[in-house]
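An overview of the molecular structure
Below are the chains, spelled out letter by letter.
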Amino acid sequence: MTTKRILSCMQPTSHLHLGNYLGALKNWVKLQDEGGECFYGVVDLHAITQPYDNDTLAEATREIAAAYIAGGVDPEKSALFVQSAIPGHSQLMWLLATMTQMGKLERMTQFKDKAGKHKERAGLGLFAYPVLMAADILLYKATHVPVGDDQKQHLELARDVAATFNTRYNRNFFIQPEPVIMGDATRVMSLRDGTQKMSKSAESDMSRINLTDDADMIAKKIRKAKTDPEPLPETFKELEERPEALNLVTIYAALADKKKERVLREFAGKQFSEFKPALVDIAVEHLAPITQRMNELLKDKAEIDRILQSGAEQAREVADPVIEETMDIMGFWR
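Residues numbered from 1 in each chain as written. Predicted model: local features only at pLDDT ≥ 70, side-chain atom pairs only at ≥ 80, totals over all residues. Heavy atoms only, no water.

**Considering the pairing of strand 3 (residues 78-82)**
Where burial is concerned, most of strand 3 is hidden: five out of the five residues are buried. By the alternation rule, side chains of strand 3 split into Ser 78, Leu 80 and Val 82 and Ala 79 and Phe 81, which are all buried. In terms of strand pairing, strand 2 (residues 37-42) meets strand 3 through five bridges, oriented parallel. From the neighbouring strand, Cys 38 faces strand 3, where its bridge partner is Ser 78. (Buried < 20%, exposed > 50% of the residue type's maximum accessible area, 1.4 Å probe, protein only. Helix = DSSP H or I, 4+ residues; strand = E, 2+ residues; numbered from the N terminus. Pairing = 2+ DSSP bridges.)

Right, dumping it as structure tokens:
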């Protein structure tokens, strides 16, 4: 296979926020429009590795799918699917788990972070979910995977597992996927602490701008965003020790599609009392159409389900033969 095949996914754990959009979703759209095959998943099996609300899982899944579409993912160009609708994810995960070394999983930093001091009580799913992530990628023989800094370790494991399988069975079967480092990916930080990433799991909703927030809520969050008393400087270097100021300038630059240096030239010497209203205007202008489209989609659950079912069919067309050949290689009776 020589076709470039992109795979990337998000969990339906809570509302997507501005960081998800600028750091990932916006770039998914760019990759989609550059050609090649794109598979974008809602990974609900990953969402259950920690406590979750089973009564709202399906709705959360639809909401993430709606955010993908509202953000620019085109179901006519990309396969948009739900992980649990493709049995091959779980099946391949078990097959790969039999050849994944415990020592490598124990070194995964995200397990340490999420399990904290209670790793002895953590579930097997939380410990082994990097193997499921490897299965997500290898099931589609993805050639490229967009990754952030916190996912590089997991992609490396997927590459290792692919190499282990190929060596063990003396086949050049699984592709070792390459990372896609988006040069223009935007790292958005918390509105309450400029040293921490904007996060779906942060306790305070005021720390993030959700894609479901209306114009009034966006304005309120930006007005209350933490800053410092100094005016905006003339040079980017002067921002490096001012994390909250840097974060707001970064957000403005990403939404305006401008370089941060240009934004500083426009606002140099001005206080945040002048800068924040301008940021509110551009944030509302950019995000309001996404929120409106999401709300339209969420009113028509049948249409979202139709799109997801169609995407699952496309995904299974690729995934099912990979599972069948994997089992043949491994020697199973079928």
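**Quick look at helix 11 (residues 260-267)**
Along helix 11, the residues classified as buried are Val 263, Leu 264 and Phe 267. Angularly, the buried residues of helix 11 cover 100° about the axis, an arc narrow enough to put them on a single face. If you follow the buried residues of helix 11, they end up packed against helix 10 (243-256) and helix 12 (272-298). With its phi angle positive at about 85°, Gly 269 sits one or two positions after the end of helix 11. (Arc of directions from axis to C-beta. Contact = heavy atoms within 4.5 Å.)

**So, the pattern of salt bridges**
Here the idea is simple: oppositely charged side chains can pair when their charged atoms come close. Scanning the entire structure with this criterion turns up 16 salt bridges. For the salt bridge of Asp 213 with Lys 221, the shortest nitrogen-to-oxygen distance reads 2.7 Å. Exposure remark for Asp 213: the relative accessible area of 8% places this residue in the buried category. A residue is classified by how much of its surface remains accessible, and Lys 221, at 0% relative accessible area, is buried. Between Glu 303 and Arg 306 there is a salt bridge, with the nearest N and O atoms lying 2.9 Å from each other. Here Glu 303 and its partner Arg 306 are both found in helix 13 (residues 301-330), three residues apart, which amounts to about one turn of the helix. Via salt bridges that share partners, Glu 59, Arg 62, Lys 301 and Asp 305 belong to a single interconnected network. (Salt bridge = Lys/Arg side-chain N within 4 Å of Asp/Glu carboxyl O.)

**A few points about the packing of helix 7 (residues 124-138) against helix 8 (residues 152-168)**
Relative orientation of the contacting elements helix 7 and helix 8 amounts to 70°, with a least axis distance of 9 Å. With respect to helix 8, the axis of helix 7 lies roughly perpendicular. As helix 7 packs across helix 8, the resulting crossing turns out to be right-handed. Here helix 7 contributes Tyr 129, Pro 130, Val 131, Met 133, Ala 134, Ile 137 and Leu 138 to the contact with helix 8, which in turn contributes His 154, Leu 155, Leu 157, Ala 158, Val 161 and Ala 162. In the contact of helix 7 with helix 8, the residues fall into 12 nonpolar, one polar and no charged. (Axes fitted to C-alpha atoms, helices over the stretch in contact; angles between N-to-C directions. Parallel < 35°, antiparallel > 145°, perpendicular 65-115°, else oblique. Left-handed = near helix turned anticlockwise from the far one by under 90°. Nonpolar A, V, L, I, M, F, W, Y, C, P; charged D, E, K, R; others polar.)

Without other data, these values stay purely geometric and don't point to any function.
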